[in-house]
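Residues per chain are reported as follows:
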Amino acid sequence: MFIQTEATPNPATLKFLPGRVVMPEGTFEAKTPEQGEISPLAERLFSVPGVTGVFFGYDFVTVTKADGEWQHLKPAILGAIMEHFMTGAPLFANGYGATDEDGEEFFDDADAATVETIKELLETRIRPAVAGDGGDITFRGFKDGTVYLVMKGACSGCPSSTATLRHGIQNLLRHFLPDVREVQAV
């Protein structure tokens, strides 16, 4: 099994591509070992000293570190990913699947058409690009011209995430939807 690695815009996060589907639907993020207990793969990754976050996308795993150098952490992380896939262990224990734990969406019913367009733009233009960098962005709400988004994986805590939100996503949404004034992460 050959696992490729890619740098992400977040220097504390590295993207691992095992050459197979990791999570057929949705995404999963664990920011603590306790959150990772539902996944044998996440547990293996959190057992590597220095690992502070795990994110699963369709065909990738991103790992975030607190300290240490990637050159020292990478072999153990690659070993954990390879061992997981070679043993055929399930991604989640007890039938757990992808859930949206970001909380309830909020928006005024009068803004339903705007929200639908925001979601479509997120799905078709923004999320694929963000997944390429090892993360994900999901819609949370829209109120008084502000779009609220949840940033996950490599995007969460990334030094360039503010620029991504302000210059990339905000400008794109404003171009298509004059009602959008600003974008904020929650």
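Named according to an unreviewed UniProt entry, the chain is NifU family protein originating from Microvirga terrae. What the UniProt record of the chain gives under Sequence similarities (unreviewed entry) is the line "Belongs to the NifU family."

(A) How the structure looks around the confidence of the model for the chain. Mean pLDDT over the chain works out to 86, with 90% of the residues at or above the 70 mark. Per-element averaging of pLDDT across the chain places helix H4 (residues 161-176) at the bottom with 80 and helix H1 (residues 40-46) at the top with 95.

(B) Geometry of the sheet that holds strand E2 (residues 13-17). Within the open sheet, the five strands sit side by side as E1-E2-E5-E4-E3. Their pairing is antiparallel. The sheet terminates laterally at strand E1 (4-7) and strand E3 (28-30), the two strands that pair on one side only. Within this sheet the neighbouring strands show an average axis-to-axis angle of 20°, counted without direction. Of the strand pairs in this sheet, strand E4 (residues 51-56) and strand E5 (residues 61-65) are connected by five bridges, and their pairing is antiparallel. Across the sheet, the residue bridging to Gly53 is Thr64, located in E5. Taken strand by strand, helix H2 (residues 70-87) contacts E1, E2, E4 and E5, and its axis lies near 35° from that of E2.

(C) Main features of the environment of Ala12. With respect to the secondary-structure elements, Ala12 resides in the loop between E1 and E2. Considered as a pair, Ala12 and Glu69 are 57 residues apart in the sequence and their alpha carbons are 9.4 Å apart. Excluding residues within four positions of it along the chain, Ala12 makes contact with Val63, Thr64, Lys65 and Trp70.

Cut-offs used in this document
Residues numbered from 1 in each chain as written. Predicted model: local features only at pLDDT ≥ 70, side-chain atom pairs only at ≥ 80, totals over all residues. Heavy atoms only, no water. UniProt positions renumbered as here; feature names shortened; annotations may be inferred. pLDDT = per-residue confidence, 0-100. Helix = DSSP H or I, 4+ residues; strand = E, 2+ residues; numbered from the N terminus. Pairing = 2+ DSSP bridges. Axes fitted to C-alpha atoms, helices over the stretch in contact; angles between N-to-C directions. Contact = heavy atoms within 4.5 Å.

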